[in-house]
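Per-entry structural report
What follows is the residue order along each chain.
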Amino acid sequence: MLHLGLDIGGTKTEALLLNDRGEELHRERIATEKASYPAFLERLLAFINHLRRRADAPFTVGIGLPGAVDPQQGTIKNCNCLVLNGEDLRGDLQRQLDQPVWLANDADCFTLSEATDGAGAGLDVVFGVIVGTGCGGGVAVRQRLLSGPNAIAGEWGHNPLPDWSADIDGTPPACYCGRAHCIERFISGTGLSERFNRQWGTAFSAPQILAAAQRGDQRAEAHYRHFVDAFARSLGSVINLLDPDVIVLGGGLSNVDRLYVDVPLRLERYVFSGACRTAIRQAAFGDASGVRGAAWLPQFAPAPS
Ligand SMILES: [Zn+2]
């Protein structure tokens, strides 16, 4: 049996076909159809059927998407691919494909991938964090995704930044979720650049600011130092609650090498035990982790209802 993973993004949908050993057999991308739900469904079904014809064996189907499946209704919620919200995507796919389909949040898929055969392989508790445009997270315990009645396990990005103060952290714009001082407003590429540009009247991207800090620009370096401190405060509260064996970072900001030295040093200030033994690692599979985790869903997640 082969394993098809699909990663539905805002602009592209990526497919990855794995064998039982996790070896990549085929990879393909299409544009995500967002005009309407029927159009989205038709395009996705055509893509899966195309992949069925191309594969030389049957495959399981797992899908990651930027939203969640409501555990009671079975419908999609909180999805930034808006046409999917309120729709029974799993049910519709299962009826049309005549086989079980697994769906999960994309940060959960990332976490499962890294817990299974990535940077958290062999460890009991893995907290996966995607620090990119936004800030998502997921929790895997012994290679099983943690889930609950709200389908939000690991969604730390909309907790308030611990120890927030106007003097040290400034007042970011209100978050789209309606809350104030959300971690995502600080710990994301968007938050990092937005805060810098508001303070200095500039229009730099997060990579430009981080590159300037590396070159010794004092304003950018001070901004980076604040980012590290806010990141450590935020992760410290997760460690105090969950005590994971490893925190695996993915997304654009996970490529900043200095973070893997600076954040662990700062964590010692915020973790209850003083010395912090939790490893902070970069994702082993980079941007491919989400689609790999989607492919592993049928083996490492509860059966779909
Ligand atoms: Zn928020």
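Residues numbered from 1 in each chain as written. Predicted model: local features only at pLDDT ≥ 70, side-chain atom pairs only at ≥ 80, totals over all residues. Heavy atoms only, no water.

The next thing to look at is the domain arrangement of the protein. As far as domains go, the protein holds domain 1 (2-109 + 287-300) and domain 2 (123-283). Relative to domain 2, the C-alpha centre of domain 1 lies at a distance of 28 Å. Contacts between the two partners involve eleven residues from domain 1, matched on the other side by 14 residues from domain 2. Approximately 880 Å² of surface area, both sides summed, lies buried where domain 1 meets domain 2, with 55% of it carried by carbon and sulfur atoms. For the domain 1 face of the interface with domain 2, the top three residues by lost area are Ala-107, Asp-108 and Phe-300, together amounting to 54%. The interface formed by domain 1 and domain 2 includes one residue pair in polar contact (both at pLDDT 80 or more). Counting residues per element, the ones that place at least two in the side of domain 1 that touches domain 2 are strand E5 (68-69), helix H3 (106-117) and helix H9 (289-300). Of the residues belonging to the side of domain 1 that touches domain 2, the class tally is six nonpolar, two polar and three charged. (Domains from an automatic or database assignment. Contact = heavy atoms within 4.5 Å. Buried area = accessible area lost by both parts, 1.4 Å probe. Polar contact = N/O pair within 3.5 Å; in protein donor to acceptor, adjacent residues only side chain to side chain. Helix = DSSP H or I, 4+ residues; strand = E, 2+ residues; numbered from the N terminus. Nonpolar A, V, L, I, M, F, W, Y, C, P; charged D, E, K, R; others polar.)

Another aspect to go through is the pattern of salt bridges. Using the criterion set out here, one finds 16 salt bridges in the structure. Among the ionic pairs, Arg-29 bridges to Glu-14, the shortest N-O distance being 3.7 Å. Here the residue Arg-29 occupies a position in strand E3 (residues 24-31), and Glu-14 occupies one in strand E2 (residues 12-18), the gap between them amounting to 15 residues. With a closest N to O distance of 2.9 Å, Asp-117 and Arg-292 form a salt bridge. Of this pair, Asp-117 sits in helix H3 while Arg-292 sits in helix H9, placing them 175 residues apart in sequence. We classify Arg-292 as buried; its relative accessible area is 4%. (Salt bridge = Lys/Arg side-chain N within 4 Å of Asp/Glu carboxyl O. Buried < 20%, exposed > 50% of the residue type's maximum accessible area, 1.4 Å probe, protein only.)

It is worth spelling out unusual backbone geometry at this point. Positive phi, close to 60°, is recorded for His-181, a residue that is not glycine. Relative to the assigned elements, His-181 resides in the loop between helix H4 (166-169) and helix H5 (189-200).

Okay, the side chain of Ser-188 next. Examined against the element boundaries, Ser-188 turns out to sit in the loop between H4 and H5. Separated by 2.9 Å, the side chain of Ser-188 and the backbone nitrogen of Gly-191 make a polar contact. Those residues in contact with Ser-188 that lie beyond four places of it in its chain are Val-131, Gly-132, Thr-133, Gly-134, Phe-227 and Leu-253.

Our next topic: the pairing of strand E11 (residues 246-250). Burial within E11 is extensive, with five of its five residues counted as buried. By the alternation rule, side chains of E11 split into Val-246, Val-248 and Gly-250 and Ile-247 and Leu-249, which are all buried. The pairing of strand E8 (residues 125-131) with E11 spans five bridges and is parallel. Following the sheet pairing, Val-126 is matched in E11 by Val-246. Of the strand pairs in this sheet, E11 and strand E12 (residues 279-282) are connected by four bridges, and their pairing is parallel. Within E12, the position partnered with Ile-247 by the bridge is Ile-280. (Pairing = 2+ DSSP bridges.)

Attention now moves to the packing of H3 against H9. For any two helices packed against each other, the geometry is given by the interaxial angle and the distance between the axes. H9 packs onto H3 with a crossing angle of 75° between their chain directions and a minimal axis gap of 7 Å. Here H9 runs roughly perpendicular to H3, going by the angle between their axes. Where H3 abuts H9, its residues Cys-109, Phe-110, Leu-112, Ser-113, Glu-114, Thr-116 and Asp-117 lie against Ser-289, Gly-290, Arg-292, Gly-293, Ala-294, Trp-296, Leu-297 and Phe-300. (Axes fitted to C-alpha atoms, helices over the stretch in contact; angles between N-to-C directions. Parallel < 35°, antiparallel > 145°, perpendicular 65-115°, else oblique.)

Turning our eyes to something else, we now look at the packing of helix H6 (residues 206-215) against helix H7 (residues 218-242). Between H6 and H7, the least distance of the axes is 7 Å, while the angle of their chain directions is 110°. When the interaxial angle is binned, H6 and H7 end up roughly perpendicular. Seen from H6, the contacting residues are Ile-209, Leu-210, Ala-212 and Ala-213; seen from H7, they are Ala-220, Glu-221, His-223 and Tyr-224. Residue classes in the contact of H6 with H7 are distributed as six nonpolar, one polar and one charged.

So, on to the coordination of the zinc ion. Within the protein, the zinc ion binds to His-158 (ND1), Cys-175 (SG), Cys-177 (SG) and Cys-182 (SG); these donor distances fall in the range 2.0 to 2.3 Å. Classification of the site at the zinc ion rests on its four donor atoms, whose angles at the metal span 102 to 116°, yielding the label tetrahedral. Coordination of the zinc ion draws on donor residues from a single chain, spaced H-x16-C-x1-C-x4-C in sequence. Here His-158, found in the loop between strand E10 (144-145) and H4, pairs with Cys-177, found in the loop between H4 and H5; they are 19 residues apart in sequence, far enough to count as distant. (Donors = N, O, S within 2.8 Å, 3.2 Å for Na, K, Ca; no water. Tetrahedral: all angles 85-135°; square planar, octahedral: opposite > 155°, others 65-115°.)

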